[in-house]
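Here is how the chains run, residue by residue.
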Amino acid sequence: MRPFICLGMIKISYKPYLLKNKYVFRIAGNARTSTPLMLVRVAYEDEFGYGEASMPSRYGESVGSATAFMQKVNLCQFCDPFSLEEILRYIDGIAPGNTAIKAAIDIALHDLIGKLLAIPVRAYFGLPKKDLETSKTIGIDTAEIVAERVREANGFNILKIKLGEDNDEEIIGAVRENTPKPLYIDANQGWKSKEQALEKIYWLKEQNVVFVEQPLPKHNFDDQEWLAAHSPLPIVGDEGIQRYGDLKSASSYYHAINIKLMKCTGLREAYKMAVTAKMMGLRVMFGCMCETSCAIGALAQLGYLADWVDLDGNLGVVNDPFVAHRVKQGVIILNDQPGIGLISPDWEKVGHEGGTDL
């Protein structure tokens, strides 16, 4: 296995890392205590750019698939790191899928370009600085544990609650016994019929809920279209909206979309999706997987384009190898570091606890 890939004067190194959760993270149909990552560094002259691929098993990527993808990459044909459109088109064409490792390369290249230009990535995209109020996610659990997590999240003004199994009412009851704060609801495709979903949404509307994310299985197009037409709350597409091409029919099924770097291959496509969605009259949410401050810091740079923000994936882990933007009382306070906002990472130490160089 090759640790370096030539890109003229550019080199890419990569290493696996196991990101560990503070608690078991449960959603409808899935639970995990850790998430495999692939960390990426791009080197050009005296500057470095960093990226990451977060690969929960339910999305089909792994350290093995990311390694196999990287071994197919040959960027020696490019000599200019600013030729992003051309480079990323090539990366996307190497193999279908593999969106997380493609995002890692995209993030690293944008971080590098920001540093070469000595500007934050938001300025590269022509966006102003904006502090972002993020929700705090609470997974599916017993009423007692949910209540404990709500109390721990006291510093956040918005909570994102995972539903979609048999104890939805119990979970919301535990939340409401401890806080009246507004809620984002994510069913992760857990509700199986449009009638069940609509009944739950009417009930949730009385619980100070802002929106409901992916209530039905993503391929139930007819039911989702019916639900979007009848729902008293906005419906947000997550699993049903992966990449830019999915936008063409999104307004038939959803009122908003959840953009995640690991789904859409990175910042380049995330920006295009957000701008296009707004032109279509769709609202935009920025979301994440369990990630480090690297990927979270990257998407935060586009935060001006988001109506809702759920970028807390680095706050529920115990071994984040990066440092980026501060979070104070649930608000991500963007720094003015060039690139994606990382504060002087040491590549030799980054990833030492969770993995080694390939």
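On a predicted model such as this, the values are computed, not experimentally measured, just so you know. (Residues numbered from 1 in each chain as written. Predicted model: local features only at pLDDT ≥ 70, side-chain atom pairs only at ≥ 80, totals over all residues. Heavy atoms only, no water.)

A. Structural context of the packing of aromatic side chains. Enumeration according to the criterion identifies 9 aromatic pairs in this entry. Arranged with centres 4.4 Å apart and planes meeting at 25°, the rings of Tyr184 and Phe211 form a pair that is stacked. Taken together, the residues Tyr184 in strand E8 (residues 183-186) and Phe211 in strand E9 (residues 209-213) connect sequence positions 27 residues apart. Residue classification places Phe211 among the buried positions, given a relative accessible area of 0%. (Phe/Tyr/Trp six-rings, centres within 6.5 Å; stacked < 30°, edge-to-face > 60°. Helix = DSSP H or I, 4+ residues; strand = E, 2+ residues; numbered from the N terminus. Buried < 20%, exposed > 50% of the residue type's maximum accessible area, 1.4 Å probe, protein only.)

B. Region of interest: the environment of Pro128. Take Pro128: it is sitting in the loop between helix H4 (121-124) and strand E5 (132-133). Those residues in contact with Pro128, other than ones at most four positions away along the chain, are Arg122 and Tyr304. (Contact = heavy atoms within 4.5 Å.)

C. Quick look at the packing of helix H7 (residues 194-205) against helix H8 (residues 221-230). Orientation of H7 relative to H8, taken along the N-to-C sense of each, is 25°, at an axis distance of 10 Å. By the criterion of interaxial angle, the relationship of H7 to H8 is roughly parallel. In this structure, the crossing between H7 and H8 has a hand that is right-handed. Contacts between H7 and H8 involve Lys194, Ala197, Leu198, Ile201 and Tyr202 from the first element and Asp223, Trp226, Leu227 and His230 from the second. When its residues are assigned to classes, the contact of H7 with H8 shows 6 nonpolar, 1 polar and 2 charged. (Axes fitted to C-alpha atoms, helices over the stretch in contact; angles between N-to-C directions. Parallel < 35°, antiparallel > 145°, perpendicular 65-115°, else oblique. Left-handed = near helix turned anticlockwise from the far one by under 90°. Nonpolar A, V, L, I, M, F, W, Y, C, P; charged D, E, K, R; others polar.)

D. Focus on the side chain of Asp238. When you line up the elements, Asp238 lands in the loop between strand E10 (235-237) and helix H9 (250-253). A polar contact is formed between the side chain of Asp238 and the side chain of Lys260, at a distance of 3.0 Å. Beyond its immediate sequence surroundings of up to four residues, Asp238 is in contact with Asp186, Glu213, Gln214, Asn258, Lys260 and Lys263. (Polar contact = N/O pair within 3.5 Å; in protein donor to acceptor, adjacent residues only side chain to side chain.)

E. Structural view of the nonpolar core. Residues Ile161, Ile185, Trp191 and Phe286 are the most contacted members of the largest nonpolar core, which totals 108 residues. Among the elements that line this core, the one with the most residues is helix H3 (residues 99-117), at 10 residues. If we skip the residues at most four places from it in the chain, Phe286 touches Asn258, Ile259, Ala274, Leu299, Leu302, Gly303, Leu305, Ala306, Trp308, Val309, Asp310 and Leu311. (Core = buried A, V, L, I, M, F, W, Y, C linked by side-chain atoms within 4.5 Å.)

F. Examining the sheet that holds strand E15 (residues 331-333) more closely. Spatial ordering of the open sheet is given by E5-E15-E14, a layout of 3 strands whose pairing is antiparallel. With partners counted over all chains shown, the strands left at the sheet margins are E5 and strand E14 (326-328), one partner each. (Pairing = 2+ DSSP bridges.)

G. Here's a closer look at the sheet that holds E10. Strands sit in the order E6-E7-E8-E9-E10-E11-E12-E13 across an open sheet of 8 strands; the sheet is parallel. On the outer flanks of this sheet lie strand E6 (136-138) and strand E13 (308-309), each paired with one strand and no other.

H. Spatial organisation of H8. Considered for burial, the residues of H8 that qualify are Gln224, Leu227 and Ala228. End-on, the buried residues of H8 take up no more than an arc of 100°, which puts them together on one face. Of the exposed residues in H8, the ones pointing more than 90 degrees away from its buried face are Asp222 and Ala229. In this structure, the buried side of H8 is in contact with H7, E10 and H9. (Arc of directions from axis to C-beta.)

I. Molecular detail of the pattern of salt bridges. A complete count under the given rule lists 19 salt bridges for this structure. In this structure, Glu239 and Arg58 form a salt bridge, with 3.7 Å as the shortest nitrogen-oxygen distance. With Glu239 in the loop between E10 and H9 and Arg58 in the loop between strand E4 (47-54) and helix H1 (63-72), this pair connects stretches of sequence that are 181 residues apart. Residue classification places Glu239 among the buried positions, given a relative accessible area of 4%. (Salt bridge = Lys/Arg side-chain N within 4 Å of Asp/Glu carboxyl O.)

J. Up close: unusual backbone geometry. Despite not being glycine, Thr265 shows a phi value in the positive range, around 80°. Locating Thr265 in the fold gives a position in the loop between helix H10 (261-264) and helix H11 (267-279). When its relative accessible area of 10% is taken as the criterion, Thr265 is described as buried. In this model, Gln329 sits at a positive phi of 50°, which is unusual for a non-glycine residue.

K. Broad picture of the state of the cysteines. Applying the stated criterion to the full structure yields 0 disulfides. Of the cysteine sulfurs around Cys290, a residue in no disulfide, the closest is that of Cys288, at 7.6 Å. Taking the relative accessible area as the measure of exposure, Cys290 reaches 9% and is therefore buried. Looking at the unpaired Cys294, the closest cysteine sulfur is the one in Cys288, lying at 13 Å. A relative accessible area of 0% places Cys294 in the buried class. (Disulfide = S-S within 2.5 Å.)

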